[in-house]
Structure formats: C-alpha cells, structure tokens
Amino acid sequence: MLTIGRHVAKLSGYAPALPTPFDDNGDVDGEAFERLCDLQITNGATALVVCGTTGEATTLTPKEHGELIRIAVGVSRGRVPVIAGAGSNATDHAIALTKDAEEIGADAVLSVVPYYNKPTQAGLYAHFHEIVASTGLPVVLYDVPSRTACGLADATIARLAELPRIIGLKDASGDVTRPSRLRSVVGPDFRLLSGDDALGLAFLAQGGDGCISVTSNVAPGLCRNMFLAWKQGPVARAQRLAGPIAQLTAALFCETNPAPLKYALSLLGLMSPKVRLPLVELSDQFKLEVATTLVELCDVYSESMIGKIGGPIRAGRRAMVG
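Residues numbered from 1 in each chain as written. Predicted model: local features only at pLDDT ≥ 70, side-chain atom pairs only at ≥ 80, totals over all residues. Heavy atoms only, no water.

Some thoughts on helix α1 (residues 30-42)
Rules: Numbering of helices and strands starts at the N terminus; helices are DSSP runs of H or I of at least 4 residues and strands are runs of E of at least 2. One less than the number of residues in a helix, times 1.5 Å, gives the span that helix is expected to have. Burial status follows relative accessibility: with a 1.4 Å probe on protein chains alone, a residue under 20% of its type maximum counts as buried, one over 50% as exposed, and anything between as partly exposed. This arc is built from the directions going out from the helix axis to the C-beta atoms. The contact criterion used throughout is that any non-hydrogen atoms of two residues lie within 4.5 Å. Throughout this description, a polar contact denotes any pair of N or O atoms lying within 3.5 Å of each other; where both atoms belong to protein, one of them has to be capable of donating a hydrogen while the other can accept it, and for residues adjacent in sequence the pair is counted only when both atoms sit in side chains.
Here α1 contains 13 residues, and its C-alpha end-to-end distance of 18 Å stays within 8% of the 18 Å for a straight helix at 1.5 Å per residue. Residues Ala-32, Phe-33, Leu-36, Cys-37, Gln-40 and Ile-41 constitute the buried set of α1. The arc that holds every buried residue of α1, seen down its axis, measures 170°, which confines them to one face. When the buried face of α1 is taken as reference, the exposed residues oriented beyond 90 degrees from it are Glu-31 and Thr-42. Tucked inside the fold, the buried residues of α1 contact β1 (13-16), β2 (48-50), α2 (62-76) and α9 (220-232). A side-chain oxygen of the first residue of α1 lies 3.3 Å from the backbone nitrogen of Glu-31; this N-cap is Asp-29. Where α1 terminates, the next one or two residues include Gly-44, which has phi positive at roughly 100°.

This is the structure in structure tokens:
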C-alpha cells in the first residue's frame, strides 16, 4: 500500500470536480473556494478534485494552480483526499505540475490524455509512464475524447494499470459499457470513475466505483443518496433519485461547463458567475432554465442541495416567466 495518498486507493462514491471562483477583478477568490471545499466535505464528498476541466485549469497561472491545491489541502486536513489536476499536452509540463502537487500535499493527481497533439497509443503509454516515474503520488487517468481529440484504448488502459502508481480512470468517453469490459483486465482494486454525470447510475450498474462529478457541486446529497441506494438498496430509490439528478445535469450542461455551474452556484450565493476567456458567462437565454431547475429542486430536496435559493431570485424567475 502506498504511504502517500493511501486513502485514495479505495475511492468510490461522488467526488466534485470543483470550479475555480473568480472575483470581480478576475482574480481567484480564495475565500469562496475555501468555503466551497468545506461545504463539499460537510455534505459527504468522498474527495476534492481541483484544477481540472471544471476548474478552468488551462487558464490558471502556475501560482494560482498551486494556491488552489494548497487551499483544498488545508481545508481537507486529511478528512478526504485531494486529487489535483496535473495534466498537459506537453509531458514535461505534466511532470512539473505533478511534482508541484506532490510538494504542496495533494493525495493524488488526475492526469488527462494529452490534447491537441493526437498521439498514438504508444505515445500515450510513454507519456503516462514518464509521469508515473516522476512521482510518488497515485495517478488517476482521465480519458475525455470530446476535449482531447484522441482517447485511451482499453488495451492501453490495461497496460497502464500494471504500473504501480496508476490506480484508476476517470472515464468521460461516453461508453457506458466500458466498466464491464475493463474490470476483468484491470482487476477489482482499480478505480473506475465516471466523468459523465448523465451516465452516473448506468456506469455504476456496469461495475463502476463512482463519479467525478459536476452535478454534485450543486446537489451533493442527491448524488450521495443515489450512490448509497444503488450500493445498499433499495435500487428503486436510486432509480427515483436519478430523475432529478438528470434534470439538474441537463441544466448544468446547457452550455459549456463550467459557465452554467458557476451561474447556478452564484444563485446559491457561493461564488461569482465569472469565467475566464475564451469562455464567457452563461447566455441570458439559458439563465431561466438553470434558475427554474434550482428552484424546483430546492423546494423538493432542500436538504440535499449545497445551498438555498433566495426570495429575490424566485421573484426574478417569476418576472422572467411572466
């Protein structure tokens, strides 16, 4: 068992892919991020995933990247593991980010398939092999072909799973049958985590261990309860909870993540809706959809949401509808 990051080895359940809050000047809002980390842990997150796609990692400076990991580590205090995004399409840069995360105190890193370059499977294996050789941290692979323009083949994942520090996969390939195919070749301890909220329950049903989730930022209780119902029963409850989770997920992906998520969290009073270029804030045409969904879920599942939606927002929604 690894000494560093040992409590990541059996990771399961829902772990939020945390957004990075920005203030009115466009700087990282450390206080808002600290508050969000603590709320997520209090509401049952099984890990904090920072500086990933949802965290707009490619727009962060090295100083900001390190500070966000440092905040998450400080808030967690070992209560849950901190998984730091440390991916790049340049292997040397990914190694540097990985070393920084290890030095700061992260428990594991999330390492994405190199984007834009379109390497071969041999190149992908060599890339991750070099990263593993550079660190003592556990590494979770991240396969998201819709953003990287290439993906990890099952055979490559199986080869990488043989390396001592590669402990799991965040799978955003959209292939819900993948856990059932991979389990027999990666073994029972390899963590298979969905990277697609829309497929969360189906991924679990095929043998997945959990989800690195956007939706759980807003409704951590709903996601946790669905996971527990699937694992412990009754399964019918998991299926019922999948409905409102799907409704919220659809709203949070009405435009490019994390713009809808940040708007939703702004309605809950947790952060500004600001994003960094080339992303822009949520379009006016979708704000009503997100607000309506939040009001409906806060009315029915108030204890499962990360915050409460205020009266002025409800009034504004009524005015938009009217």
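Details of unusual backbone geometry
Put simply, Gly-233 and Pro-234 share a cis peptide bond, and its omega is -5°. Tracing the backbone shows Pro-234 in the loop between α9 and α10 (235-252). Note that the residue after Leu-277, namely Pro-278, is joined by a cis bond; omega there is 15°. Among the structural elements, Pro-278 can be located in the loop between α11 (259-267) and α12 (284-300). You will see that Tyr-116, though not glycine, has its phi angle at about 75°, which is positive. Secondary-structure assignment places Tyr-116 in the loop between β4 (108-112) and α4 (121-133). The exposure class assigned to Tyr-116 is exposed, which follows from its relative accessible area of 72%.

Functional significance is not addressed by these values, which are geometric in nature.
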